Amino acid sequence: MLQRNIEFPQIPGPIGVFDSGFGGLTVLRQIRELMPQYDYLYLGDNARTPYGTRSFEIVYKFTLQAVRYLFQMGCHLVILGCNTASAKALRSIQQNDLSKMDSERRVLGVIRPTAECIGHITKTRHVGIMATPGTIRSCTYDMEIAKLYPDIIVTGEACPMWVPLVENFEFDSPGADYFVEKSINQLLERDKEIDSIILGCTHYPLLQKKILRYTPQNVQLIFQGDYVAHSLQDYLLRHPEMKSRLTLGGTVRYLTTDQPEQFNQSANIFMGQPIQATRIMLE
Ligand code: DGL
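Note that residues are indexed from 1 along each chain, following the sequence as it is written. Two thresholds apply to this predicted model, a pLDDT of at least 70 for residue-level local features and 80 or more for giving and counting side-chain atom pairs, whereas whole-chain, interface and lining totals are computed over all residues. With hydrogens and water stripped out, all remaining heavy atoms of the structure feed into the side-chain values.

Asks: Please explain the overall build of the protein chain as it appears in this structure.
Replies: The helix count covers DSSP runs of H or I at least four residues long, the strand count covers runs of E at least two residues long, and both are numbered beginning at the N terminus. The helix and strand tally for the protein chain stands at 13 helices and 10 strands. Seen through its C-alpha atoms, the protein chain measures out along the principal axes to roughly 55 × 40 × 35 Å. Three labels apply to residues, based on accessible area from a 1.4 Å probe with only protein chains included: buried if under 20% of the type maximum, exposed if over 50%, partly exposed otherwise in between. Across the 283 residues that make up the protein chain, the buried fraction comes to 59%. If you take every contact in the protein chain between residues at least 6 apart in sequence, the share linking residues at least 24 apart comes to 80%. Note that accessible areas follow from Shrake-Rupley with a 1.4 Å probe, and for residues the cover is restricted to the protein chains shown. Accessible area for the protein chain stands at about 12500 Å²; split by element, carbon and sulfur atoms hold 52% of it. His is not counted here, nor are the chain ends, while Lys and Arg score as positive and Asp and Glu score as negative. Charge positions are represented by NZ for Lys, CZ for Arg, CG for Asp and CD for Glu. Taking the average location of the 28 positive side-chain charges in the protein chain and that of its 29 negative ones, the two points are 3 Å from each other. Only heavy atoms enter the contact rule, under which two residues are in contact if any of them lie within 4.5 Å.

Pasting the structure below:
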């Protein structure tokens, strides 16, 4: 059912978490584990997933629609639980759109908090990034890491098959073995000194078993959910004015742009609990 609001509610509301599909649920799960006291509103643009192979303009347009929708639903703070959206849309939304929409509201991404952790983890100062083609092409990780740790050499490997494997529930299949092994080998071939790999896509925790199987033991894997959750906790400590605009009911609601029945079934696997989503339309 189409739900449309004209103005953004000014009363306190839930934290919004957005992703192109199910991937952001891995981030939501970690955030809720750390901060169960808040209310959350998850929005998955499942009807238009994946974003990873789409152009900058399209990802920006879709992400802006989602942010506006979450603001209309009462969110004062929205987390883009999607690296592709964080890479291609976050900066434009922060710099150009927020002031026009509501300068008091905030949108945060997942790339900066992940980039921040890497300086303390890598010893060789050679780091690999595995992500969607869109995230890799944007070079956002390279730029964020260069700002923080100019001595680190970053090598990105686009993994176009990994999100479709997850979205199609093939993450435990032999097909997944083939594509996971291939991409990891390709990355490590390109820079043999890599000692840490950032998994820069929120879908990838579902491939964890396979990724662990094909990663040499001397290479550290960085799953970003925990870093994003702690960074948000820290942000809220530093921004009491935002904290006061968040409701504390401990609830979570789910919105999807595709069939709710399908979403419920799949989201179950990501969240490990029964889920009842509502269908909405973004435009
Ligand atoms: N989960 C999204 C990310 O973190 C990517 C999924 C997609 O390609 O839509 O980049």
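Asks: Honestly, the sheet that holds strand S9 (residues 252–256) in this entry has me stumped. Any pointers?
Replies: The pairing criterion is simple: DSSP has to find at least two bridges between the two strands. Within the open sheet, the six strands sit side by side as S4-S3-S1-S2-S9-S10. Their pairing is parallel. The open sheet has two edge strands with one neighbour each: strand S4 (106–108) and strand S10 (277–279). Each strand axis lies, on average, 25° off the axis of its neighbour in the sheet, ignoring direction. Here helix H11 (residues 225–238) sits on the sheet in contact with strand S3 (77–80) and S4, set at roughly 155° to S3. Axis angles are defined between N-to-C directions and span 0 to 180 degrees, where every axis is a line fitted to C-alpha atoms and, for a helix, only to the segment in contact.

Asks: Please clarify how the environment of Cys139 should be interpreted in this entry.
Replies: Mapping Cys139 onto the fold places it in the loop between helix H6 (133–138) and helix H7 (140–148). Residue Cys139 is classed as partly exposed on the basis of its relative accessible area of 34%. For the pair formed by Cys139 and Val219, sequence separation is 80 residues and the distance between their alpha carbons is 22 Å.

Asks: How do you make sense of the pairing of S3 when you look at a structure like this?
Replies: Each regular strand carries side chains that alternate between the two faces of the sheet. Here S3 shows no split at all, with Leu77 and Ile79 on one side and Val78 and Leu80 on the other all buried. As paired elements, strand S1 (residues 15–19) and S3 share four bridges and run parallel to each other. Looking at S3, one finds that Gly16 is bridged to Val78. Relative to S4, S3 runs parallel, the two being bridged by three bridges. Across the sheet, Val78 pairs through a bridge with Val107, a residue of S4.

Asks: Explain unusual backbone geometry to me, please; I cannot follow it from the model alone.
Replies: With the exception of glycine, most residues fall at negative phi, and the peptide bonds are largely trans. Cis rather than trans, the peptide bond between Thr49 and Pro50 has omega equal to 0°. In this model, Phe169 sits at a positive phi of 55°, which is unusual for a non-glycine residue. In this structure, Phe169 sits in the loop between helix H8 (162–167) and helix H9 (174–190). Overall, the relative accessible area of 31% leaves Phe169 in the partly exposed class.

Asks: Which parts of the structure should I look at to understand the packing of helix H5 (residues 111–118) against H11?
Replies: Contact pair H5 / H11: the axes reach a minimum separation of 8 Å and the direction vectors enclose 105°. Relative to H11, the element H5 lies roughly perpendicular. Touching Pro113, Thr114 and Cys117 of H5 are Tyr227, Val228 and Ser231, all from H11. Angle categories: roughly parallel below 35 degrees, roughly antiparallel above 145, roughly perpendicular from 65 to 115, and oblique for all the rest.

Asks: Just checking my understanding: could you explain the pairing of strand S5 (residues 126–131) for this structure?
Replies: Extensive coverage of S5 is indicated by the burial of six of its six residues. For S5 and strand S6 (residues 153–158), the ladder comprises six bridges, and the chain directions are parallel. Directly across from Ile129, in S6, lies its bridge partner Gly156. Relative to strand S7 (residues 196–199), S5 runs parallel, the two sharing four bridges. What sits directly across from Met130, in S7, is Leu199.

Asks: What is the right way to read the site of the ligand from this model?
Replies: Close to the ligand lie 14 residues, the nearest being Ser20, Tyr51, Gly52, Thr84 and His203. Nitrogen and oxygen atoms within 3.5 Å of one another constitute a polar contact, given that in protein one can donate a hydrogen and the other can accept it, and given that sequence-neighbouring residues count only through two side-chain atoms. Within the contact set of the ligand, a nitrogen atom lies 3.3 Å away from a side-chain nitrogen or oxygen of Asp19. Here an oxygen atom of the ligand sits 2.8 Å away from a polar atom, N or O, in the main chain of Gly52. For the ligand, whose accessible area on its own is 300 Å², the fraction buried by protein is 99%. A breakdown of the residues in the shell around the ligand according to their chemical character gives five nonpolar, eight polar and one charged. Only a single heavy atom is needed: when it lies within 4 Å of a molecule or strand, its residue is near that molecule or strand. Any residue outside Ala, Val, Leu, Ile, Met, Phe, Trp, Tyr, Cys, Pro, Asp, Glu, Lys and Arg is labelled polar, Gly included; the first ten of those are nonpolar and the last four are charged.

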